[in-house]
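# Structural description and commentary
Spelled out from the first residue to the last, the chains are:
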Amino acid sequence: MTERRPQPGTLDTNPGQEPQSGTPDTSMFELISRCRLCGGNCLDDILDLGEQPPANALRLPTDRPPQAFPLAVVRCGSCGTAQLTATVDPVSLFGDYVWVTGTASTTQAFSSDFCRQVLDRWADQHPKMPVDGGLVVEVASNDGTFLKRFQERGWRVLGVDPARNIVTRAVGDGVPTVCDYFNVDVAREISRQSAADIVIARNVIPHVADIHGVIEGMADVLHDDGLAVIEFHYAGAILDDLQYDSIYHEHLFYFTLETLGPLCASYGLVPFDVTESPISGGALVLFLSKAGRQRTDALNRFIQSESTNRINSLESWREFAGASRSHAEALASQVVQLSREGAVVGYGASARSSTLLNASGVTSEHIEAVIDRNELKHGHLMPGSDIPIVSYDDGRSLLKEADSLVLLAWNFETEIVADLRSEGFEGGILVPLPREPRVL
């Protein structure tokens with residue numbers, strides 16, 4: 001099954017024709033007129049960040065700049081789901097991917113804790129069954145970092161991911177992986193061989209336009225007494241911490257429990273528990289079952305807090321939009337001032353850093369280079385801002401000369417700041433988020 005190739009995207013990529021620079025190629029994206037979840041046609045404007053290139057559209061200096069597409073958030077007046085207006089061709093976004101799960105040590109550490117949490121809930125549901133030997137299927141499994149933890153505990157695993165380069169890496173590392181976009185057809189092909197005891201979807205559900213197909217596929221691939229687990233960047237954290245940098249073309253939805261829970265339940269996957277995750281600057285791990293398990297106090301508290309704090313209201317989202325615009329202007333002013341006072345470097349060429357830089361108008365005129373540990377990004381330019389990306393080893397010489405550093409990957413602050421200080425960097429570290437920028 002590992003040789004299966006991704007299906008073409010639903011949009012015509014029109015590879016034989018290239019638009020003029022700065023003109024969006026309308027064959028590469030579509031604008032929605034109805035909610036992707038409920039089909040409602042009342043979409044209220046929230047935040048328009050203009051036209052930006054895809055956040056992971058890194059290019060070599062000799063390549064032409066990537067195309068820019070509309071980047072705007074709306075909220076459905078019917079079901080309350082916040083989502084992007086533009087659906088960019090998924091093949092162009094995910095066919096050859098540069099994010100590798102195992103790059104950050106924080107993520108590596110969390111993979112073990114995540115596995116423990118999942119298996120604890122499996123054991124609670126199946127007290128008389130062994131906690132190994134079953135099948136775990138992961139949607140958008142990337143390099144297999146999280147599946148490895150289950151392998152180490154004696155479970156059979158199977159990943160599904162559309163990025164050929166990442167799948168090759170995972171298979172080479174001993175993690176069986178199907179190269180495809182997960183959907184109902186793929187799910188049923190897997191279940192014909194062996195239904196899953198556990199199905200996982202980490203930080204992928206908000207990324208798929210065919211969200212009904214993915215949720216239905218998760219239900220189809222799962223045993224009737226199986227366990228489903230969905231990790232997603234929480235809209236509550238996005239609003240509370242002003243994380244407008246999490247808005248990019250891959251991230252189509254901005255979910256709360258109120259908006260995601262009913263969708264899953266409509267396919268027989270009923271939420272019963274939730275925990276918090278350190279990933280993405282604030283994520284939730286939602287546990288679901290076909291068996292209708294009793295809700296935990298933790299889940300009830302989260303649901304109540306959403307209602308009390310009016311997280312899903314139009315007013316809350318519009319307050320977020322206004323604060324985001326003010327933040328981008330303030331950040332731009334700070335970075336420009338730092339660049340006038342001395343050399344500035346950045347750290348973390350993440351997808352969210354692309355949005356942050358482009359929204360604030362910070363470019364290679366202000367930041368000399370961005371340091372990143374992911375070798376797939378080295379030698380490329382940040383999309384839109386055209387800031388060079390360099391390796392950690394090459395960045396050491398820049399750190400010696402730099403007066404300031406902008407921590408673009410602020411959600412890994414503890415890990416990165418410790419590394420920088422251990423390297424002897426004594427300059428100011430500007431942490432742009434959460435909320436107001438601050439200097440360490």
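So, here's what we can say about the structure. (Residues numbered from 1 in each chain as written. Predicted model: local features only at pLDDT ≥ 70, side-chain atom pairs only at ≥ 80, totals over all residues. Heavy atoms only, no water.)

A count of helical and extended segments in the protein chain gives 13 helices and 19 strands. Expressed as a percentage of its 440 residues, the buried residues of the protein chain come to 57%. In the protein chain, the proportion of contacts linking residues at least 24 apart, taken out of those at least 6 apart, comes to 69%. Taken as a whole, the protein chain presents about 17800 Å² of accessible surface, with 47% of it coming from carbon and sulfur. (Helix = DSSP H or I, 4+ residues; strand = E, 2+ residues; numbered from the N terminus. Buried < 20%, exposed > 50% of the residue type's maximum accessible area, 1.4 Å probe, protein only. Contact = heavy atoms within 4.5 Å. Areas by Shrake-Rupley, 256 points an atom, 1.4 Å probe, with all protein chains shown as cover.)

Further remarks concern the environment of valine 417. Relative to the assigned elements, valine 417 resides in helix α13 (residues 413–422). Along the sequence, valine 417 and leucine 407 sit ten residues apart, while their C-alpha atoms lie 8.6 Å from each other. Once residues lying within four places of it in the same chain are set aside, the contact partners of valine 417 are Leu407, Ile429 and Leu440.

Turning to the pattern of salt bridges, a few remarks are in order. Under the criterion given, the structure shown has 17 salt bridges. Among the salt bridges present, the one from arginine 188 reaches glutamate 216, with a minimum N-O distance of 3.7 Å. Of this pair, arginine 188 sits in helix α5 (residues 184–193) while glutamate 216 sits in helix α6 (residues 211–221); the two residues are 28 residues apart in sequence, bridging distant segments of the chain. Here arginine 188 falls in the partly exposed class, since its relative accessible area comes to 40%. (Salt bridge = Lys/Arg side-chain N within 4 Å of Asp/Glu carboxyl O.)

Turning our attention to α5. Count 3.6 residues to each turn of an α-helix, and residues three or four apart come out pointing the same way. Of the positions making up α5, those classed as buried are Val184, Val186, Ala187 and Ile190. Along the long axis of α5, the arc covered by the buried residues comes to 160°, so they all point the same way. Opposite the packed face of α5, turned more than 90 degrees from it, sit the exposed residues Asp185, Arg192 and Gln193. As for α5, its buried residues are in contact with β6 (135–139), β7 (156–161) and α6. Sitting at the amino-terminal end of α5 is asparagine 183, which places a side-chain oxygen 3.1 Å from the backbone nitrogen of aspartate 185. (Arc of directions from axis to C-beta. Polar contact = N/O pair within 3.5 Å; in protein donor to acceptor, adjacent residues only side chain to side chain.)

Right, let's get into the sheet that holds strand β11 (residues 253–254). Paired through backbone hydrogen bonds, the strands of a sheet run either parallel or antiparallel to each other. Reading across the sheet, the four strands line up as β2-β3-β4-β11 and stay open at both edges, with antiparallel pairing between neighbours. For this open sheet the edge positions go to β2 (43–52) and β11, each flanked by a neighbour on one side alone. By the bridge criterion, three bridges tie strand β3 (residues 69–76) to strand β4 (residues 82–84) in an arrangement that is antiparallel. By the bridge assignment for β4, valine 73 is matched with leucine 84. Against the sheet, helix α10 (residues 314–341) makes contact with β2, β3, β4 and β11, and its axis sits at roughly 25° relative to β2, the strand it touches most. Across the face of the sheet, helix α11 (residues 351–360) comes into contact with β2 and β3 while running at roughly 85° to β2. (Pairing = 2+ DSSP bridges. Axes fitted to C-alpha atoms, helices over the stretch in contact; angles between N-to-C directions.)

Right, let's talk about the environment of aspartate 224 for a bit. Relative to the assigned elements, aspartate 224 resides in strand β10 (residues 222–233). Here aspartate 224 falls in the exposed class, since its relative accessible area comes to 64%. A sequence separation of 28 residues divides aspartate 224 from alanine 196, and the C-alpha atoms of the two residues are 9.5 Å apart. Not counting the four nearest positions on each side in its chain, aspartate 224 is found in contact with Lys290 and Ala291.

Pairing is mixed across the open sheet formed by seven strands, whose spatial order is β8-β7-β6-β9-β10-β13-β12. At either end of the open sheet lies a strand with only one pairing partner, and these are β8 (177–179) and β12 (270–277). Pairwise comparison of adjacent strand axes, ignoring direction, gives a mean angle of 20° for this sheet. As defined by bridge partners, β12 adjoins strand β13 (residues 283–289) across seven bridges and the pair is classed as antiparallel. Across the sheet, the residue bridging to valine 270 is serine 289, located in β13. Helix α4 (residues 164–172) rests against β7 and β8 of the sheet, and its axis sits at about 160° to β8.

Moving on, we get to the environment of glutamate 319. With respect to the helices and strands, the residue glutamate 319 is situated in helix α10. Spatially, the C-alpha atoms of glutamate 319 and isoleucine 46 are 9.0 Å apart, while their sequence positions differ by 273 residues.

Let us now look at the packing of aromatic side chains. This model, assessed by the stated rule, comprises eleven aromatic pairs. Both rings, one in tyrosine 234 and one in phenylalanine 302, keep their centres 6.1 Å apart while their planes meet at 80°; by these two values the pair is edge-to-face. Placement of tyrosine 234 in the loop between β10 and α7 (235–241) and of phenylalanine 302 in helix α9 (residues 297–309) is noted, with a sequence separation of 68 residues between them. Each member of the pair, tyrosine 234 as well as phenylalanine 302, carries the same accessibility label: buried. Taken together, Phe110, Phe114 and Phe146 form an aromatic cluster joined through their ring pairs. Residue placement shows arginine 36 over the ring face of phenylalanine 253; its charged tip is 5.8 Å from the ring centre. Over the ring of tyrosine 392 we find arginine 373; its NZ or CZ atom is 3.8 Å from the centre of that ring. (Phe/Tyr/Trp six-rings, centres within 6.5 Å; stacked < 30°, edge-to-face > 60°. Lys NZ or Arg CZ within 6 Å of the ring centre and 35° of its normal.)

Interpretation note: all reported values are geometric properties and have no functional meaning in isolation.
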